[in-house]
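Here are the chains, one letter per residue:
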There are 2 protein chains.
Amino acid sequence: MRRLSLNQATTKHWTLAETVDGCVRAGIGAIGLWRDRVAEVGVAEADRLVRRAGLHVSSLCRGGFFTVDGDGRAEALADNRRAIEECAALSADVLVLVSGGLPAGSRDLGYARSLVRDALDELVPYARELGVRLGIEPLHPMFCADRCVVSTLGQALDLAAPYPSEVVGVVVDTYHVWWDPDLFAHLARAGDRIASFQVCDWILPLPRDMLLGRGHVGEGYIDFRPIAAAVDAAGYRGYVEVEIFNERIWSAPGDETVRRVRESFAEHVDNQGTSTARPAT
Amino acid sequence: MRRLSLNQATTKHWTLAETVDGCVRAGIGAIGLWRDRVAEVGVAEADRLVRRAGLHVSSLCRGGFFTVDGDGRAEALADNRRAIEECAALSADVLVLVSGGLPAGSRDLGYARSLVRDALDELVPYARELGVRLGIEPLHPMFCADRCVVSTLGQALDLAAPYPSEVVGVVVDTYHVWWDPDLFAHLARAGDRIASFQVCDWILPLPRDMLLGRGHVGEGYIDFRPIAAAVDAAGYRGYVEVEIFNERIWSAPGDETVRRVRESFAEHVDNQGTSTARPAT
């Protein structure tokens, strides 16, 4: 259980302070933070809360949404620079980047993807300067149109390739990549590019808001152990975050959710009982 | 417009005879048939109806659902043999195969995919004997768990590779493959493996039944012309089927749907105005 991290999106109705306390009560040593919840108390206070509790910050969610042109572009880049600063201030292992979908009114996927490359090129020097690692997260292809034109781990690795791996890595979230016939090849190729490993399950039916269809580990269709083993074999030694968006799970008491997270992680994911999480640099 | 084919699923509330008449009224020269609608009149009568109307049969939908083990397996293979016979009797260009999702109670994607390979191996000799071409259709990854473990065109091409291309090809449906960062590489590789080209649009939000979220060409996010051009460049000269599952479109009068199909095809897909469809062998 030493590698388990709770992403605070999983206990959505808890404040940051409540989630920190919940982690401590449950003996969970790391937390994944969200910028909006950090902003509620301010970065300095958020940092104080997690340090005082002895928690490691395994990720900051998130930057990205690069697929804007015109006036929106400068604004998007400025917001990402602020996210990099927050990531540095919180000593988070990685800033998770979700690329954005097709630009408004456009059907040109190639162009959208070029905007992602361009934005990375602009942000990498600043991330490097601040010692922040960027993590490109491929999202499930069903989010390609409106949320993320980076749809496979292979594509994320291609986007990361021009940069040093300590500055640009990739985020592996089982929900988004489990279906990929090339997943294990991509993971073998990924090596030290893996900057974050997140888990939750694919369940059906998808809800009206398809963002919220994720299940507790073990509730659905994903076979976690082979994926966890391949992530491990690639050399990843960081935390494993449980990140779940689901109205049903959100409406449960936080401590019950955390208990379930611990139990399902032990049952379905944690095959490295003896290894200790080694935070990414 | 000579390459346009109407898949009868698009005018779901029409019988086969009504869809045949609708094609004739609209000057559409080909039709994609569904086995359940053919069964309503019988294969011989269905064949008579389409021949009398001078229609070409661009596909028969569908076989597949191979991911069953135990007792279900023999039954699935027997049903696919009947589908091959029907395809031969109807002189359809291709029998579309949808592989099936994870076997009941299983999370083992690798095993599910091996069942698809095994079933193809058993069916290919019979298809060859009857002169039927099988078309492996990758479905969008959001259908991986429950409907189709073949999720990319590259994977479909790998499955087809051991067999002669005139016996095993692949089906390219824009709805399922448009998001793929490797789509154009897969299409270039596909060459004469392309056995069917189907079009409909990706629209949002997905409906409760995510099978029914498809839109008229031009209603959504897909850029059709580059895909159509790449399919053409690969050497495909068959019909282009419009196949749409959508309650809203189904509830419109059939002739209105057919008119819309013609118009949107001309506006968004048909960039080979001078070339005539050459049915696959």
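Rules used throughout
Residues numbered from 1 in each chain as written. Chains lettered and ligands numbered in written order. Predicted model: local features only at pLDDT ≥ 70, side-chain atom pairs only at ≥ 80, totals over all residues. Helix = DSSP H or I, 4+ residues; strand = E, 2+ residues; numbered from the N terminus. Rg over C-alpha atoms; globule rule 2.2 N^0.38 Å. Buried ≥ 20, exposed ≤ 12 C-beta atoms within 10 Å, placed from the backbone. Core = buried A, V, L, I, M, F, W, Y, C linked by C-beta atoms within 7 Å. Contact = placed C-beta atoms within 7 Å. Least-squares fit on C-alpha atoms with pLDDT ≥ 70 in both. Nonpolar A, V, L, I, M, F, W, Y, C, P; charged D, E, K, R; others polar. Pairing = 2+ DSSP bridges. Right-handed = clockwise from strand over helix to strand, strands pointing away. Arc of directions from axis to C-beta. Axes fitted to C-alpha atoms, helices over the stretch in contact; angles between N-to-C directions. Parallel < 35°, antiparallel > 145°, perpendicular 65-115°, else oblique. Left-handed = near helix turned anticlockwise from the far one by under 90°. pLDDT = per-residue confidence, 0-100.

Caption draft 1: Representation of the overall build of chain A in the model. For chain A, the helix and strand inventory stands at eleven helices and ten strands. In terms of overall dimensions, chain A is globule-like: its C-alpha atoms have a radius of gyration of 17 Å, near the 19 Å expected for 281 residues. Its C-alpha atoms put chain A at 45 × 40 × 35 Å along the principal axes. Burial statistics for chain A: of 281 residues in total, 53% are counted as buried.

Caption draft 2: Region of interest: the nonpolar core. Ranked by size, the top nonpolar core spans 174 residues in total, and within it A:Leu60, A:Leu95, A:Ile136, A:Val170, B:Leu95, B:Ile136 and B:Val170 carry the most contacts. Contacts of A:Ile136, omitting those with residues within four sequence positions, involve A:Leu97, A:Val150, A:Ala156, A:Leu159, A:Ala160, A:Val168, A:Val170 and A:Val171.

Caption draft 3: Representation of the relation of the copies chain A and chain B in the model. Expressed as a screw transformation, the operator carrying chain A onto chain B has a rotation angle of 180° and an axial translation of 0.0 Å, and the superposed copies differ by an RMSD of 0.0 Å. Viewed as a symmetry operation, the transformation between the two copies matches a two-fold axis. Taken together, the interface assignments show that 100% of the residues at the interface of chain A recur at the interface of chain B, consistent with an identical surface on both copies.

Caption draft 4: Highlighting the environment of A:Tyr163. Residues and elements named next belong to chain A. Assignment of secondary structure puts tyrosine 163 in the loop between α6 (153-160) and β6 (168-173). For the pair formed by tyrosine 163 and valine 124, sequence separation is 39 residues and the distance between their alpha carbons is 7.9 Å. What tyrosine 163 contacts, discounting residues up to four positions off in sequence, is Val124 and Val168.

Caption draft 5: Fine view of the interface of chain A and chain B. Contacts between the two partners involve 23 residues from chain A, matched on the other side by 23 residues from chain B. For the side of chain A that touches chain B, the per-class residue count stands at 14 nonpolar, four polar and five charged.

Caption draft 6: Here's a closer look at the pairing of strand β4 (residues 95-98) of chain B. Residues and elements named next belong to chain B. Every second residue of β4 is oriented toward a common face, with Leu95 and Leu97 on one face and Val96 and Val98 on the other, all of them buried. Here four bridges tie strand β3 (residues 56-64) to β4, and the two strands are oriented parallel to one another. Directly across from glycine 63, in β4, lies its bridge partner leucine 97. Chirality of the crossover, the property in question, places the unit of β3, helix α4 (residues 71-89) and β4 among those that are right-handed. As judged from the three bridges shared by β4 and strand β5 (residues 134-136), these two strands associate in the parallel manner. If you follow leucine 95 over to β5, its bridge partner there is leucine 134. Handedness of the crossover is the feature at issue here: the chain leaves β4, passes through helix α5 (residues 109-129), returns alongside β5, and the resulting connection is right-handed.

Caption draft 7: Layout of helix α1 (residues 16-26) of chain B. Residues and elements named next belong to chain B. Residues of α1 that are buried include every one of Leu16, Thr19, Val20, Gly22 and Cys23, and no others. Angular distribution of buried residues about the axis of α1 spans 160°; they occupy a single face of the element. Along its buried surface, α1 packs onto β1 (4-7), β2 (30-34), α2 (35-41), α3 (43-52) and α11 (254-268). A positive backbone phi angle near 70° is found at glycine 27, which sits one or two residues after α1.

Caption draft 8: Molecular detail of the packing of α1(B) against α3(B). Residues and elements named next belong to chain B. The N-to-C vectors of α1 and α3 enclose an angle of 15°; their axes lie 10 Å apart at closest approach. One element, α1, and the other, α3, form an angle in the roughly parallel class. Seen along the crossing, α1 lies across α3 with a hand that is right-handed. Seen from α1, the contacting residues are Leu16, Ala17 and Val20; seen from α3, they are Ala46, Leu49 and Val50.

Caption draft 9: Representation of the sheet that holds strand β2 (residues 30-34) of chain A in the model. Residue and element names in this part refer to chain A. In spatial order, the strands read β1-β2-β3-β4-β5-β6-β7-β10; together these eight strands close into a barrel with parallel pairing. With strand direction ignored, the average angle separating the axes of adjacent strands in the sheet is 30°. The sheet contact formed by strand β1 (residues 4-7) and β2 spans three bridges and is parallel. Following the sheet pairing, serine 5 is matched in β2 by alanine 30.

Caption draft 10: Representation of the confidence of the model for chain A. Counting all residues, the mean pLDDT for chain A is 95, and 96% of those residues have values of 70 or more. As a predicted assembly, this complex carries a pTM of 0.95 together with an ipTM value of 0.94.

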